[in-house]
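# Observations on the model geometry
The primary structure of each chain is shown beneath.
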Amino acid sequence: MGKNDKYTGRCGETLDLSTLDRDERELVAELVRFADAHPDARTAEYWNFYPKRVGKFYEARGLSRSETTRTLVWQIAQDINGRLMVAAGLAKDSKDYREELDAIIREKYGSRRRFCELTGISEDRLSHVLAKRKHLSIQALSDALAKIGYTIQITQLPDISPPSQTS
Amino acid sequence: MVQDPLLECSFLIPIRRDSNLSDGEEHEPDMWDWLSTELFDRLCGATAAPGTYQGFYEDPDTHERVTDESYKYIVAVPASRLVELRQLLSAACVVFQQKCIYLSIAGRVEFVEPP
């Protein structure tokens, strides 16, 4: 989990716990302990535990369920669940765009040099990017992809609204 | 007289995307997070059955036998809110890249399709 004031997410991101009060931090610690004691995602024990536990905690504080799902603790609880599912082979983290770029280069161009000639990205810069030491800006990535007939796509999850009440 | 009885509903979410619609790979954890959040927020929760469920069916388009492995969820829903559950599962077809999702409502089975 990392230091007391930090939580390290499944994908390496750092979440600041300093905004949480003592009881919330203890709840996070409790979630981590439960996951450690029930690490097999196939049993669904953690999945069945965290919504009720986090929901009860924030219900006592007057939060709605919707508000509860927007808390940092809920985010961490889900990250823990994701970690368990990936470990059990029941889920897979999405590819970093750099892995997709690497796959395109290998499958379509055969060499990084050819890709760089077409896109204008220097080989040195590309090497750093594919080694995940650096990122391309969205603009640079977009411009490069456009030169080879690709584009970046943002996809939204569907939003479900409850049906409107009829008399 | 019981008004708006609670009905036991269960549904199956395959752990992999449909291989004809998509790539047949495991879902990202974000997809499961979305489902958990929706179940918690809109339907006050659900229970995940332990283990996964192996199954097979005939693909309606290719007529090939397809095997899958699914998580099973159980939720008690008032009869008046079944439409919300169907809406959720219809959206889940898109999120989880499925042609349809198996839904059992008090023992009667439906196959919910995408919107």
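One structure accompanies this document, and this report is about it. (Residues numbered from 1 in each chain as written. Chains lettered and ligands numbered in written order. Predicted model: local features only at pLDDT ≥ 70, side-chain atom pairs only at ≥ 80, totals over all residues. Heavy atoms only, no water.)

### Comments concerning the overall build of chain A
Here is the rule: Secondary structure elements are taken from DSSP: a helix is a run of H or I of four residues or more, a strand is a run of E of two residues or more, and numbering for both begins at the N terminus. It only takes one pair of heavy atoms within 4.5 Å for two residues to be counted as in contact. The Shrake-Rupley method, run with a 1.4 Å probe, gives the accessible areas here. Residue values count only the displayed protein chains as cover.
Summing up its helical and strand segments, chain A has eight helices and two strands in all. In chain A, the order of α-helices and β-strands from amino to carboxyl end is β-β-α-α-α-α-α-α-α-α. In chain A, once contacts between residues fewer than 6 apart in sequence are set aside, the share between residues at least 24 apart is 54%. Put simply, chain A shows about 10200 Å² of open surface, and 48% of that area lies on carbon and sulfur atoms.

### Let's talk about the layout of surface pockets
All names here are of chain B. This is how the line gets drawn: Both site types are read off a 1 Å grid over the protein atoms alone. A 1.4 Å probe that fits but cannot get out defines a cavity, while an open set with protein on both sides within 12 Å along at least five of seven lines defines a pocket; lining residues have an atom within 4 Å of a point. Grid points are joined across faces, edges and corners, and a volume is the space filled by probe spheres set on the points. Note on residue categories: nonpolar means Ala, Val, Leu, Ile, Met, Phe, Trp, Tyr, Cys or Pro, charged means Asp, Glu, Lys or Arg, and polar means any other residue, Gly included.
Here the second largest pocket defines a volume of roughly 350 Å³. The wall of the second largest pocket is formed by 18 residues, among which Tyr57, Asp68, Cys100, Tyr102 and Phe111 lie closest to the centre. Taken together, the elements giving at least two residues each to the lining of the second largest pocket come down to strand S1 (6-14), strand S3 (53-58), strand S4 (65-78) and strand S5 (101-105). For the lining of the second largest pocket, the element with the highest residue contribution is S3, accounting for six residues. Along the lines of polarity and charge, the residues of the lining of the second largest pocket split into ten nonpolar, four polar and four charged.

### Topic: the pairing of S5(B)
Residue and element names in this part refer to chain B. Just so we agree on the cut-off: Only protein chains enter the accessibility calculation, which uses a 1.4 Å probe; a residue whose area is less than 20% of its type maximum is buried, one above 50% is exposed, and one in between is partly exposed. Pairs of strands are assigned from DSSP output, requiring at least two bridges between the strands.
With four of five residues buried, S5 lies mostly within the body of the structure. In the sheet, S1 pairs with S5 via three bridges, with the strands oriented antiparallel. The partner of Ser10 across the bridge, within S5, is Ser104. As consecutive antiparallel partners, S5 and strand S6 (residues 108-112) are separated by two residues, and within that stretch Ala106 has a phi angle of approximately 50°, a positive value.

### Concerning the packing of helix H1 (residues 22-37) of chain A against helix H2 (residues 45-59) of chain A
Residues and elements named next belong to chain A. Definition in use: Each axis is a line fitted through C-alpha atoms, taken for helices only over the stretch in contact, and angles between the N-to-C directions span 0 to 180 degrees. Just so you know how the angles are binned, under 35 degrees is roughly parallel, over 145 roughly antiparallel, 65 to 115 roughly perpendicular, and the rest oblique. Each helix crossing is assigned a hand: it is left-handed if the near helix lies turned anticlockwise from the far helix by less than a right angle, otherwise right-handed if that turn is clockwise.
Look at H1 against H2: their axes get within 10 Å of each other, and the N-to-C directions meet at 170°. Relative to H2, H1 is oriented roughly antiparallel. Like other packed secondary-structure pairs, H1 and H2 cross with a definite hand, here right-handed. Residues Asp23, Glu24, Leu27, Glu30, Leu31, Phe34 and Ala35 of H1 form the contact with H2, whose own contacting residues are Glu45, Tyr46, Phe49, Tyr50, Arg53, Val54, Phe57 and Tyr58. Residue composition of the contact of H1 with H2, grouped by class: ten nonpolar, no polar and five charged.

### Points about the packing of aromatic side chains
All names here are of chain A. Our working rule: Here a Phe, Tyr or Trp ring, Trp counted by its six-membered ring, pairs with any other such ring whose centre lies within 6.5 Å, and the pair is stacked when the planes are under 30 degrees apart, edge-to-face when over 60, and tilted otherwise.
In total, this model carries 14 aromatic pairs over all chains according to the counting rule given. With centroids separated by 6.4 Å and ring planes inclined at 45°, the aromatic side chains of Phe34 and Tyr46 adopt a geometry described as tilted. Placement of the pair is Phe34 in helix H1 and Tyr46 in helix H2, with a sequence separation of twelve residues. Side by side, Phe34 and Tyr46 carry an identical accessibility label, which is buried.

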